[in-house]
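Listed below are the residues making up each chain.
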Amino acid sequence: MNILLIAGHGGTPYDPGACGCGYTEAVETRRLATAVAPMLRKYGFNVTMYDQSNDAYKVLRSGGSLPLFGIGYVLEIHLNAGVSDKDGNGATTGTEVLVHTAESGVSVEQAICRRISALGFKNRGVKRRDNLQVMNTVHRAGISHALVETCFIDDADDMKLYKEKFYDIARAIADGIAEGFGKTVEEDNEVVEKKTVLVDGKEYECECIEKDGNNFVKMRSLSQAGYNVVFDAARQLPAMTAPQCRAFVPEGDEAVQDAIDTLQEVCGLEEQTIAYMRKYQYGDELVKKLAKAVQGNA
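Residues numbered from 1 in each chain as written. Predicted model: local features only at pLDDT ≥ 70, side-chain atom pairs only at ≥ 80, totals over all residues. Heavy atoms only, no water.

Engineer: Is there a simple way to explain the overall build of the protein chain in this structure?
Structural biologist: Counting secondary structure elements, the protein chain contains nine helices and 13 strands. Principal-axis analysis of the C-alpha atoms gives the protein chain an extent of 80 × 45 × 40 Å. Relative to its 298 residues, the protein chain shows a buried fraction of 44%. Summarising the internal contacts of the protein chain: among those between residues at least 6 apart in sequence, 67% fall at separations of at least 24. Carbon and sulfur atoms provide 49% of the accessible area of the protein chain, an area that totals close to 15,900 Å². Distance from the positive charge centre (33 side chains) to the negative charge centre (43 side chains) of the protein chain: 4 Å. (Helix = DSSP H or I, 4+ residues; strand = E, 2+ residues; numbered from the N terminus. Buried < 20%, exposed > 50% of the residue type's maximum accessible area, 1.4 Å probe, protein only. Contact = heavy atoms within 4.5 Å. Areas by Shrake-Rupley, 256 points an atom, 1.4 Å probe, with all protein chains shown as cover. Lys, Arg positive; Asp, Glu negative; His and termini not counted. Charge placed at Lys NZ, Arg CZ, Asp CG, Glu CD.)

Engineer: Help me out: how do you make sense of the packing of aromatic side chains in this one?
Structural biologist: For any two aromatic rings, the description comes down to two numbers: the centre-to-centre distance and the angle of the planes. Counted according to the given criterion, the structure contains six aromatic pairs. Both rings, one in Phe45 and one in Phe181, keep their centres 6.2 Å apart while their planes meet at 65°; by these two values the pair is edge-to-face. You can see Phe45 sitting in the loop between helix 1 (25-42) and strand 4 (46-49) and its partner Phe181 sitting in the loop between helix 6 (166-180) and strand 9 (191-199), a full 136 residues away along the chain. In this structure Phe45 comes out as buried when scored by relative accessible area, which is 4%. Overall, Phe181 belongs to the partly exposed group, its relative accessible area being 31%. Judged by centre distance (5.7 Å) and plane angle (75°), the ring pair of Tyr280 and Tyr282 falls under edge-to-face. Ring pairing ties together the aromatic residues Tyr23, Tyr162, Phe166 and Tyr167, which thus form one cluster. (Phe/Tyr/Trp six-rings, centres within 6.5 Å; stacked < 30°, edge-to-face > 60°.)

Engineer: Help me understand the nonpolar core in this model?
Structural biologist: Side chains of a nonpolar character, in soluble globular proteins, are inclined to be buried together. Grouped together as the largest cluster of nonpolar side chains are 40 residues, with contacts concentrated most on Leu75, Ile112, Tyr162, Ile173 and Ile177. Breaking this core down by element, the ones donating at least two residues are strand 1 (2-7), helix 1, strand 5 (73-80), helix 3 (107-117), strand 8 (144-152), helix 5 (156-164) and helix 6. The next biggest cluster of nonpolar side chains, apart from the first, holds 13 residues, and it includes Ala56, Leu66, Leu68 and Ile143. (Core = buried A, V, L, I, M, F, W, Y, C linked by side-chain atoms within 4.5 Å.)

Engineer: Teacher, can you tell me more about the sheet that holds strand 1 here?
Structural biologist: Backbone-to-backbone hydrogen bonds pair the strands of a sheet. The strands run either parallel or antiparallel. Reading across the sheet, the six strands line up as 4-1-5-8-6-7 and stay open at both edges, with mixed pairing between neighbours. Strands with a single pairing partner mark the edges of an open sheet, and in this sheet they are strand 4 and strand 7 (123-129). Direction aside, neighbouring strands of the sheet carry axes that sit 25° apart on average. Relative to strand 8, strand 6 (residues 95-100) runs antiparallel, the two sharing three bridges. Looking at strand 8, one finds that Leu98 is bridged to Leu147. Relative to the sheet, helix 1 contacts strand 1, strand 4, strand 5 and strand 8, its axis offset from that of strand 5 by approximately 140°. Contacting strand 1, strand 5, strand 6, strand 7 and strand 8, helix 4 (residues 133-140) crosses the sheet at an angle of about 45° to strand 6. (Pairing = 2+ DSSP bridges. Axes fitted to C-alpha atoms, helices over the stretch in contact; angles between N-to-C directions.)

Engineer: What should I look at first to understand helix 6 in this one?
Structural biologist: In an α-helix, one full turn covers 3.6 residues, which means residues spaced three or four apart are oriented alike. The terminal C-alpha atoms of helix 6 lie 21 Å apart, and with 15 residues this matches the ideal 21 Å at 1.5 Å per residue to within 8%. Packed against the buried residues of helix 6 are strand 1, helix 1, strand 5, helix 3, strand 8 and helix 5. Looking one or two residues beyond helix 6, the residue adopting positive phi is Gly182, at roughly 85°. (Expected span 1.5 Å × (residues − 1).)

Engineer: Honestly, the pattern of salt bridges in this entry has me stumped. Any pointers?
Structural biologist: Pairs can form between side chains of opposite charge whenever their charged atoms are close. For the structure on display, the rule yields 10 salt bridges. Of the charged contacts, one joins Asp55 and Lys58 as a salt bridge, the two residues approaching to 3.1 Å between their closest N and O atoms. By sharing partners, the salt bridges in this structure join Glu96, Arg124 and Lys127 into a single network. (Salt bridge = Lys/Arg side-chain N within 4 Å of Asp/Glu carboxyl O.)

Engineer: What am I meant to see in a negative patch on the surface here?
Structural biologist: On the surface, a cluster of negative charge is contributed by Asp253, Glu254, Asp258, Asp261 and Glu265. Mapping Glu254 onto the fold places it in helix 7 (residues 254-266). When its relative accessible area of 63% is taken as the criterion, Glu254 is described as exposed. (Patch = residues over 30% accessible without salt bridge, like charges linked within 9 Å, V, L, I, M, F, W, Y side chains within 5 Å.)

Engineer: Looking at this structure, how should I read the side chain of Arg115?
Structural biologist: Structurally, the position occupied by Arg115 is in helix 3. Of note is the side chain of Arg115, whose polar atom sits 2.8 Å from the side chain of Glu179. Ignoring any residue separated from it by four or fewer positions in sequence, one finds Arg115 in contact with Ala172, Asp175, Gly176, Glu179, Val185 and Glu187. (Polar contact = N/O pair within 3.5 Å; in protein donor to acceptor, adjacent residues only side chain to side chain.)

Engineer: Just checking my understanding: could you explain the pairing of strand 5 for this structure?
Structural biologist: Each regular strand shows side chains that alternate between the opposite faces of the sheet. Where burial is concerned, most of strand 5 is hidden: eight out of the eight residues are buried. Of the two faces of strand 5, both are covered, the one formed by Tyr73, Leu75, Ile77 and Leu79 as well as the one formed by Val74, Glu76, His78 and Asn80. For strand 1 and strand 5, the ladder comprises five bridges, and the chain directions are parallel. From the neighbouring strand, Ile3 faces strand 5, where its bridge partner is Tyr73. For strand 5 and strand 8, the ladder comprises seven bridges, and the chain directions are parallel. Across the sheet, the residue bridging to Tyr73 is Ser144, located in strand 8.

Engineer: Help me understand the side chain of Asp175 in this model?
Structural biologist: Secondary-structure assignment places Asp175 in helix 6. The exposure class of Asp175 is buried, given its relative accessible area of 7%. When neighbours within four sequence positions are excluded, Asp175 is seen to be in contact with Tyr43, Arg115 and Val185.

See below:
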């Protein structure tokens, strides 16, 4: 099956969507869509990512169209708003999925709701609408469409859970779609608990997973130790960078290369050692300063 994945809002002029609790809907819909896509592909779905520089709603309102040829299902990702619970009341407002009034079956959407709510969000269920531009356009083309209102962006409880469970939410969406379309979903047999872990010699309370007799530390737990944990959209992989380090080290300019030559000649430093130094956020400046210092003492 071919799935069209649409991240809501954005475009030009820029529509941020709803904002709250330090988050912007147009940013988060793109993060989620980018995380969900490879998970769907692992189930064998062909995924077309709608151009994330565009806002599908504005494109249609201005007379444009959607790339619906050969598409069997359209998933549109949004975040909800309207409760203004910026301090939190100890309860989530929750998740829901919108479908067209005339949609015949909702087993896929019910599975998405159930799996997201299993993470701790209130299940607001599947709701029917007939006044949404993208949904109506897709429906007229004879294609099923679902709009996931992931959680409430202006509810502090929702967004705390969203931050903690971001990749779990993405997986819940993908697993729900796979389940709804009859694919076998491998359920987790993992136990997650808080444990004290030594990271670079310092103690941190981390989310740890015991699975199949092995222990793992969740990547996002390492952010408290200064590690930058993100999703690399270009490579479609989770990524982690050590504190004060660069994920990508560019080719050094002539001054940097001269400094490297000096350190290798005078100090006998190996290429691996130089590469390690340059991974540091200010590594090139460090290399140049060290070269200048050893030249002065030579």
